[in-house]
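Observations on chain architecture
One letter stands for each residue in the lines below.
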Amino acid sequence: TNMNFSVLLDVSKSMDYGTRGITKLDYARILTACLTNLVHHQRDRVGFVAFDTEIVEHVPPSAKHMETVLHVLDRLQPGRPGSLKEPLHKLAEHFGRRGIIVIISDFYEEPEAVLDAISPLRFRGNDLIVFHILDPTELEFGFNDAQPFEDLESGEQMPVVPEAFREEYRSLVRAHIDALQQAFSGVRVDYAQFNTSQPLDHALYRFLGSRQKMMKSRS
């Protein structure tokens, strides 16, 4: 289709978390490599951006940039706290030509703040897709022993008794995911949640199949 396809990847500190042998960032790296390789073989232009509070890496869309994207993905190192608004608002200036933009993050911000962050990209006419990457422990809070828990972004610690907090935590997580889904649906942005304990190929296949159905229903 001769289009531009770019992946914007959150490489903030919280993405370095993983309890099942793979971190959220590594899962997101593989997902990015799969998507860009698929698009590259369709002879479309691929681009890539890594961000935390700032733009860390920027590979402009090009038919010749597949190897560059893979090289940049391989050397990425998370470390700083993240913020969606500042880097995404800056990036909107670089996407003058319409295309498909995929944003991959754990979305540790309020849904209203997330929508505000992506709005300049959406208003430029791009087709936006967001992939919400979470570790299974973040979804289920599968801890048993009382211990201090650390904020993945700020490093702040607080004591928690898991049994007393588990149901409230799960309820808050479900509410956050539901709010994100509703917010994105309201502005016609495709949303998919990925659990890092699930095989990536199965999750990606399900998403691509559901997206194809959605595109047909919209046309």
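Residues numbered from 1 in each chain as written. Predicted model: local features only at pLDDT ≥ 70, side-chain atom pairs only at ≥ 80, totals over all residues. Heavy atoms only, no water.

Observations concerning the sheet that holds strand β5 (residues 127–134)
Strand order in the open sheet made by the six strands is β3-β2-β1-β4-β5-β8, with mixed pairing throughout. Each end of this open sheet is capped by a strand with a single partner; those strands are β3 (55–62) and β8 (190–195). On average, adjacent strands in this sheet sit at an angle of 15 degrees to one another, irrespective of strand direction. In the sheet, β5 pairs with β8 via six bridges, with the strands oriented parallel. Considered in β8, the bridge of Phe 131 is made with Ala 192. (Pairing = 2+ DSSP bridges. Helix = DSSP H or I, 4+ residues; strand = E, 2+ residues; numbered from the N terminus. Axes fitted to C-alpha atoms, helices over the stretch in contact; angles between N-to-C directions.)

Describing the confidence of the model for the protein
The predicted model of the protein has a mean per-residue pLDDT of 86, with 87% of residues at 70 or higher. Within the protein, the element-level pLDDT minimum falls on strand β6 (residues 147–150), averaging 61, and the maximum on strand β2 (residues 45–51), averaging 96. (pLDDT = per-residue confidence, 0-100.)

Describing the environment of Ser 197
Looking at the element boundaries, Ser 197 is found in the loop between β8 and α7 (200–218). The class for Ser 197 is partly exposed, based on a relative accessible area of 37%. Separated by 61 residues in sequence, Ser 197 and Pro 136 place their C-alpha atoms 6.3 Å apart. Ignoring sequence-local partners within four residues, the contact set of Ser 197 consists of Arg 20 and Pro 136. At 2.8 Å, the side chain of Ser 197 forms a polar contact with the side chain of Asn 195. (Buried < 20%, exposed > 50% of the residue type's maximum accessible area, 1.4 Å probe, protein only. Contact = heavy atoms within 4.5 Å. Polar contact = N/O pair within 3.5 Å; in protein donor to acceptor, adjacent residues only side chain to side chain.)

Some details on the side chain of Ser 14
Note that Ser 14 resides in the loop between β1 (4–10) and α1 (24–40). At a separation of 2.6 Å, a polar atom in the side chain of Ser 14 contacts the side chain of Asp 106.

Digging into the nonpolar core
One broad rule of soluble globular proteins: the nonpolar side chains tend to lie buried together. In terms of nonpolar packing, the biggest core is built from 33 residues, with Leu 9, Leu 31, Phe 48, Ile 104, Phe 131 and Phe 194 touching the most fellow members. The set of elements that each furnish at least two residues to this core consists of β1, α1, β2, α2 (66–75), β4 (99–105), β5, β8 and α7. In terms of residue count, α1 provides more of this core than any other element does, six residues in total. Residue contacts for Phe 131: discarding those within four places in its chain leaves Leu 31, Leu 35, Val 102, Ile 103, Ile 104, Ser 105, Phe 107, Ala 192, Phe 194 and Phe 207. Grouped together as the second largest cluster of nonpolar side chains are 27 residues, Ala 92, Ile 103, Ile 118 and Val 189 included. (Core = buried A, V, L, I, M, F, W, Y, C linked by side-chain atoms within 4.5 Å.)

Considerations on the pairing of β4
Counting buried residues along β4, seven of its seven residues qualify, which places the element largely inside the surrounding structure. By the bridge criterion, six bridges tie β1 to β4 in an arrangement that is parallel. Counted as the bridge partner of Asn 4 is Gly 99 from β4. Where β4 and β5 come together, six bridges link them in parallel fashion. Directly across from Ile 103, in β5, lies its bridge partner Val 130. Following the backbone out of β4, through helix α4 (residues 111–123) and into the adjacent parallel β5, one traces a crossover that is right-handed. (Right-handed = clockwise from strand over helix to strand, strands pointing away.)

Thoughts on the pattern of salt bridges
Taken as a whole and judged by the stated rule, the model has nine salt bridges. Residues Arg 80 and Asp 52 are paired through a salt bridge, measuring 2.8 Å at the closest nitrogen-oxygen approach. Residue Arg 80 is located in the loop between α2 and α3 (85–91), and its partner Asp 52 is located in the loop between β2 and β3; the two are separated by 28 residues in the primary sequence. Between Arg 75 and Glu 57 there is a salt bridge, and its shortest N-O distance comes to 3.0 Å. One end of the pair, Arg 75, is in helix α2; the other, Glu 57, is in strand β3, and 18 residues separate them in sequence. (Salt bridge = Lys/Arg side-chain N within 4 Å of Asp/Glu carboxyl O.)

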